[in-house]
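Chain by chain, the residues:
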Amino acid sequence: MTAPLTLNPDRLFPAEPQTRAVARRLYDQVKDLPIVSPHGHVPPVWIADDVPFSDPTSLLLSPDHYVNRIMHGQGVDLADLGVPPGRDGFTAEQARNAWRIFCEHWHLYRGTPMKFWMESELVDIFGVDVRPSAETADQIYDAISAKLATDAFRPRALMDTFSITFIATTDDPLDDLSHHAKIRDDASFTREVRPTFRPDKYLEPGREGWGDLMDALAAATGEDTGTFAGWVAAMENRRAFFKENGAVSTDHAHTDMYMAPLDDAEAVYARARRGEASPEENLALRRAFMFEQCRMASEDGLVLTYHAAVHRNHHQPTFERFGADVGGDIPMAYNVVEALEPVLNAFGTHPNFRIVLFGMDETVYSREIGPLAGFYPSVYVGVPWWFIDAPDAIRRWRKAVTEYGTFYKSSGFIDDTRAFLSIPARHDMSRRLDAVHLAELVVEHRLEIDEAEEVVHTLVADQAREVFKIDG
Amino acid sequence: MTAPLTLNPDRLFPAEPQTRAVARRLYDQVKDLPIVSPHGHVPPVWIADDVPFSDPTSLLLSPDHYVNRIMHGQGVDLADLGVPPGRDGFTAEQARNAWRIFCEHWHLYRGTPMKFWMESELVDIFGVDVRPSAETADQIYDAISAKLATDAFRPRALMDTFSITFIATTDDPLDDLSHHAKIRDDASFTREVRPTFRPDKYLEPGREGWGDLMDALAAATGEDTGTFAGWVAAMENRRAFFKENGAVSTDHAHTDMYMAPLDDAEAVYARARRGEASPEENLALRRAFMFEQCRMASEDGLVLTYHAAVHRNHHQPTFERFGADVGGDIPMAYNVVEALEPVLNAFGTHPNFRIVLFGMDETVYSREIGPLAGFYPSVYVGVPWWFIDAPDAIRRWRKAVTEYGTFYKSSGFIDDTRAFLSIPARHDMSRRLDAVHLAELVVEHRLEIDEAEEVVHTLVADQAREVFKIDG
Amino acid sequence: MTAPLTLNPDRLFPAEPQTRAVARRLYDQVKDLPIVSPHGHVPPVWIADDVPFSDPTSLLLSPDHYVNRIMHGQGVDLADLGVPPGRDGFTAEQARNAWRIFCEHWHLYRGTPMKFWMESELVDIFGVDVRPSAETADQIYDAISAKLATDAFRPRALMDTFSITFIATTDDPLDDLSHHAKIRDDASFTREVRPTFRPDKYLEPGREGWGDLMDALAAATGEDTGTFAGWVAAMENRRAFFKENGAVSTDHAHTDMYMAPLDDAEAVYARARRGEASPEENLALRRAFMFEQCRMASEDGLVLTYHAAVHRNHHQPTFERFGADVGGDIPMAYNVVEALEPVLNAFGTHPNFRIVLFGMDETVYSREIGPLAGFYPSVYVGVPWWFIDAPDAIRRWRKAVTEYGTFYKSSGFIDDTRAFLSIPARHDMSRRLDAVHLAELVVEHRLEIDEAEEVVHTLVADQAREVFKIDG
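Residues numbered from 1 in each chain as written. Chains lettered and ligands numbered in written order. Predicted model: local features only at pLDDT ≥ 70, side-chain atom pairs only at ≥ 80, totals over all residues. Heavy atoms only, no water.

- Within an unreviewed UniProt entry, the label attached to chain A reads Uronate isomerase, and the organism entered is Propioniciclava soli.
- Quoted straight from UniProt, the Catalytic activity (unreviewed entry) entry for chain A says "D-glucuronate = D-fructuronate". (UniProt positions renumbered as here; feature names shortened; annotations may be inferred.)

### Some remarks on the overall build of chain A
Part 1 of the argument: Helix and strand counts for chain A come out as 19 helices and 9 strands.
Part 2 of the argument: The C-alpha atoms of chain A give 23 Å as radius of gyration, which agrees with the globular expectation for 472 residues (23 Å, within 12%).
Part 3 of the argument: Across its three principal axes, chain A shows a C-alpha extent of roughly 70 × 60 × 45 Å.
Part 4 of the argument: For chain A, the proportion of its 472 residues judged to be buried stands at 64%.
Part 5 of the argument: Of the roughly 15600 Å² of accessible surface on chain A, 49% is carried by carbon and sulfur atoms. (Helix = DSSP H or I, 4+ residues; strand = E, 2+ residues; numbered from the N terminus. Rg over C-alpha atoms; globule rule 2.2 N^0.38 Å. Buried < 20%, exposed > 50% of the residue type's maximum accessible area, 1.4 Å probe, protein only. Areas by Shrake-Rupley, 256 points an atom, 1.4 Å probe, with all protein chains shown as cover.)

### Remarks on the interface of chain C and chain A
Part 1 of the argument: The partner chain A presents 54 residues to the 42 residues of chain C that form the contact.
Part 2 of the argument: Here chain C meets chain A over a buried area of about 3900 Å², counting both sides, of which 53% is carbon and sulfur.
Part 3 of the argument: Per-residue buried area on chain C facing chain A is highest for F375, E403 and Y404 of chain C; these three make up 22% of the total on that side.
Part 4 of the argument: There are 6 salt bridges connecting chain C and chain A.
Part 5 of the argument: Note that D450 of chain C is salt-bridged to R131 of chain A, the shortest N-O span being 2.9 Å.
Part 6 of the argument: Between the two partners, chain C and chain A, sit 28 residue pairs in polar contact (both at pLDDT 80 or more).
Part 7 of the argument: Looking at the side of chain C that touches chain A, the elements with two or more residues in it are α1 (17-28), α15 (341-347), α16 (362-375), α17 (391-405), α18 (423-443) and α19 (449-467) of chain C. (Contact = heavy atoms within 4.5 Å. Buried area = accessible area lost by both parts, 1.4 Å probe. Salt bridge = Lys/Arg side-chain N within 4 Å of Asp/Glu carboxyl O. Polar contact = N/O pair within 3.5 Å; in protein donor to acceptor, adjacent residues only side chain to side chain.)

### Thoughts on the interface of chain B and chain C
Part 1 of the argument: The partner chain C presents 54 residues to the 42 residues of chain B that form the contact.
Part 2 of the argument: Of the roughly 4000 Å² buried between chain B and chain C on both sides combined, carbon and sulfur atoms contribute 52%.
Part 3 of the argument: Three residues, F375, E403 and Y404 of chain B, lead the burial of chain B against chain C; their summed loss comes to 22% of the area buried on that side.
Part 4 of the argument: The interface formed by chain B and chain C includes 6 salt bridges.
Part 5 of the argument: K115 of chain C is the salt-bridge partner of E451 of chain B, the closest N and O atoms lying 3.2 Å from each other.
Part 6 of the argument: Our enumeration of links across chain B and chain C arrives at 28 residue pairs in polar contact (both at pLDDT 80 or more).
Part 7 of the argument: Of all the secondary-structure elements, those providing two or more residues to the side of chain B that touches chain C are α1 (17-30), α15 (341-347), α16 (362-375), α17 (391-405), α18 (423-443) and α19 (449-467) of chain B.
Part 8 of the argument: It is α16 of chain B that provides the largest number of residues to the side of chain B that touches chain C, a total of 9 residues.
Part 9 of the argument: Grouping the constituent residues of the side of chain B that touches chain C by class yields 17 nonpolar, 11 polar and 14 charged. (Nonpolar A, V, L, I, M, F, W, Y, C, P; charged D, E, K, R; others polar.)

### Observations concerning the domain arrangement of chain A
Residue and element names in this part refer to chain A.
Part 1 of the argument: In terms of domain boundaries, chain A breaks down into domain 1 (52-153) and domain 2 (156-467).
Part 2 of the argument: Distance from the C-alpha centre of domain 1 to the C-alpha centre of domain 2: 29 Å.
Part 3 of the argument: By the criterion of area lost to domain 2, the three top residues of domain 1 are H65, R69 and W117, representing 28% of everything that side buries.
Part 4 of the argument: At the boundary of domain 1 and domain 2, one finds 1 salt bridge.
Part 5 of the argument: Here R321 and D77 are joined by a salt bridge, their closest N and O atoms 3.1 Å apart.
Part 6 of the argument: Taken together, the connections running from domain 1 to domain 2 amount to 3 residue pairs in polar contact (both at pLDDT 80 or more).
Part 7 of the argument: Of all the secondary-structure elements, those providing two or more residues to the side of domain 1 that touches domain 2 are α3 (56-61), α4 (65-72) and α6 (113-125).
Part 8 of the argument: Of all the elements, α6 adds the most residues to the side of domain 1 that touches domain 2, at 6 residues.
Part 9 of the argument: The class makeup of the residues in the side of domain 1 that touches domain 2 is 16 nonpolar, 3 polar and 5 charged. (Domains from an automatic or database assignment.)

### Some details on α4 of chain A
Residue and element names in this part refer to chain A.
Part 1 of the argument: For α4, the tally of buried residues reaches 8 of 8 residues, placing the bulk of the element in the interior.
Part 2 of the argument: Every buried residue belonging to α4 is among H65, Y66, V67, N68, R69, I70, M71 and H72, and all of these are buried.
Part 3 of the argument: N-cap assignment for α4: the residue whose side-chain oxygen lies 3.0 Å from the backbone N of Y66 is D64.

### Regarding the pairing of strand β4 (residues 249-252) of chain A
Walk down a regular strand and you will see the side chains alternate between the two sheet faces.
Residues and elements named next belong to chain A.
Part 1 of the argument: Taking every second residue as pointing to the same face, both faces of β4 are buried, with S249 and D251 on one and T250 and H252 on the other.
Part 2 of the argument: Note that β4 and strand β5 (residues 303-307) share 4 bridges and pair parallel. Bridging from a neighbouring strand, S249 pairs with V303 of β5. (Pairing = 2+ DSSP bridges.)

### Things to note about the relation of the copies chain B and chain C
Part 1 of the argument: Note on the copies: chain B fits chain C at an RMSD of 0.0 Å, the axial shift is 0.0 Å, and the rotation between them is 120°. Look at the turn and shift together and you get a three-fold axis relating the two. Relative to the rotation axis, the closest C-alpha in chain B is found at E16 of chain B, a distance of 3.6 Å.
Part 2 of the argument: Mapped onto chain C, only 5% of the interface residues of chain B are again interface residues, and the two copies thus contact each other with different surfaces. (Least-squares fit on C-alpha atoms with pLDDT ≥ 70 in both.)

This is the structure:
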């Protein structure tokens, strides 16, 4: 006997009846508002070419490290799940089998956000009404496959279905942004798809291949990347190109948030170009590069988002076998208040500068990021991502950053996902949890209902547009 | 149409009816008890001279960095709010305009403790019944101004109204404490106003002007501050003077909590006096000075409070323009268990020694301060202050420190404020939240109601008196 | 008039009626399941010789540092409580007086887990029905004493009463395990009592007496502990002996979790044996020893548990007077993600390797341990112990580690106690809190009731057996 799969309209709402009633009232006012997604990882080619999705596994499992890692943690071989995604020789039968493995492990996801997202997708998007299990795996696989074969499930149609009015992709600085141009030039498609400038690897002189990147950067921009000044000019060149092509932000992720000018930047840069810089010099250079990115941001006005504090590819054998982004990245301790002192002294009150800080340490959010955002006009509190993008963690985050960071300095919800079909569920989770947080303030007489209604509307409809300077 | 402003009698109480009923019952038993405020920043001259307050802005806005920083975080110029407080040339019209700015930004405070405090003040103290907004700003300003012009709103009358029976100020070691003497000598005023010895700047040999302070210290005490031994003698002299004048505690704030004796203290001290000590030596000297303060505390019995772990004046341009204490201080990571090892090995079980530890990192409270207080008879858990002095943070703190630190090793509520009119609201928030915490224990059958009644009474009426050795 | 002492059947359950009803339903399904205790500190001789307990103080107070430290924190002399336990000359009258001191201080335990445990023991095990107080101390003492004199209160009978089917002790590597052999050889006693290999002091070359331990290790194994290779062989020898005698795990506690091979291990080891190694070398050697323990674990399959991050014996005078384990150990900050990189790169996906990580920092649990366990098949999340083994902390822990670590990578409950009579209460607390956590997921429609029923059964009945590879 298979268990049914349904979505309760009150999911994530607390049981206490008064609180639930207020939460429901607040949620009802925002649940159908369009989605604005200022930062994520959906490939622009999907939308440019309206690429049809091939099968459930390559769409929902292989590329989703949130889902994969839980099975890997129980001994499943990532290769059996189609990792790395799109690899040669992964057959249709293997894809179907990967889905079976997933459905057999469905119980593992109890208590996780992946369960919330996946259930929402199965029911709301694909109309599945049975719980995943060994018995139902094939039935679900076939049901999803049948939908994916229809035009209604191609990316552009889904953007309509999901009511996504704005979505940003994440792009290499040397990308020609031709996919974005194609989308923009197509008058029949009016939803906004914007690039995001993500230059991390051009800022890490200690990483293998950096010299080649510098050569490519020179070739693309006509600047002399043999000098620090030339590096800066080349970066300004590409940022301008991204801005012309509609970018509203740049995104950055390094292992710490320190940024500071470097006195002898040219000399250190020259040594780095020759591959002769010490690890300490390479680190100082990266921090100087980031300081320059902030300085540029204060001039060109692109919003800077910083996703810090992750130990990438913790398990080297997994990295060597499957590559990056397969679940082996682990959060770690970091420092914000000291790390940002130079850059906030330089640009913290600059009217054109805006920095959104993302972390994965709840203590740092409440102790450092919230208070910094409360004081500095340029600083915003990034929302929970990755290992804290989950109901209990989001509840804690909102309680931790609001009392001194305020609702009005949080970034608005950001899904940060490459799992395209999970976007509505992620935004829905956020809207529900904001409604719950506000409902608690209302029933505890900390906020009037009309105030809560204004806040929830601001958080869902306005805040991301305001923070990311999104027009219209 | 203006919205009404009222205070719900059940504010901060959870919605669940049984819990609310128990919370209300516990709160009712302590809500009208007198206020004991063992540490704060109210200027003693206000009480000594019963100085009338001039206007709403200079009383409620300009000096309150909790309030200011939220507007600054949205781009408001601190100068427009009358910062630094009392500065020359800030006109009556500018003061009124500052209040308008505040009222226009009233929505920013949603979800913050400043909303709770300010609403309590407006309604309970000033009888305001309309919500702050652009439309109501002038009306509220005029209403408050009218009250401030009456005798009932001078500091001594307000102390009666607020039922403050004991309040400690914070004073420079060389202060002559004449304001305190005046208060003490006035038989018509029987409420206790006590000084607190706050010697931070005399313990920081690396800070500009330290030599001049040493000269002044010598002049005031007749001790030779050319030597470490003389510094110690001078400090003992001033501590004795404060104790004679009614002080019950000394207060300290440095960027870390490390304290340790220094082997070659005299030599390092001599170099510091000549301005020739290295940064490391200055740091070691400060830690040795703090160790001496603890040693003195074990002898003279003054309670030592330590407010650590703040990066002061994070934004140098703001500090240069407006000075200290204008919202640019940000919490940071720190260590307690290692830092206090030497001093607790020396005085941790000394019957005369008592140290109250304040932090702004909830993890440190639960991981280090709570366990230390559980074991050491001399160690007490300071209450949440500053960025954690807010309902959700206070709830988390009580849950984090009680299970191993116990109710009986917490310090009793301390408002730590320079916002005189917020004192009743701050104590009221604390009383409500203690009632809620205890109510939850009762309804979960972790505590009997009679036990909870005893605890809430102890926390509100006795604990601060007991910890700070306050008589009567 | 004395207050009654009763246990409410709904204790620890939330007041909200729907949640309470679901929690009760889930709890009812597991409350009577047998206890499996894979790690603790009960002396095996108690069970081997079925040693009768002498009096309430030596059983319940003197050896229990959880209980003692709270009184010490209020100035009670540990000597008056019979610390160190079993010391010569502590008379029957002193024991009775210690119990009086405890009962007089009973109020201190309000809000602590010691209250929950002790009340459960008094009511459920000893049938006490009056609240501890100065007035009832003797009455309770006599009631407990009378029970302890009966055969029903000897260890083996209590194991039956408590339904403990499996319990592991903690043992020195050179222990001859004769107590375990005696238990195993007694066909009349069928409950499982297993040793645990705990080699800490053999891994700390910097500690006094390490050389003597090495000599003893050589004598016991016949290996040449003059070399690193010999140390390894000796350890393998003793681990094999423990495994033959039924051990399922090894337990480790050092101040950090770093483990890494050492290039010149033999040379450093030789210097350490001569007492000439530097502190840095001793530290590196300990980390290399731990790396070897992991390598051995990947071969012999013993589960490795790591209890890190405690500053032992913080108060040297207390340590000198009373020895270790008397309440002076304090948690501290530590790092997991960096510390475990080498060992997880080496053995993280080894099918035979299993490591259970215990910490006392909730942030580290959610930021590092949960995510590591989510990814690595070999890594499990240890449950809250010591200063976080308490209702509020356990609730926070479960919420913090489940969303990305999952229910299925937590270790199952581990009481880790030397307080034998508290074992049922500790497991009961855990079962209640798991039921509450799951009930909240159910009423918030994050989990179906049948899913929650499966999970609570898994957590209580299966997870510890599965993680610790316990047969039967």
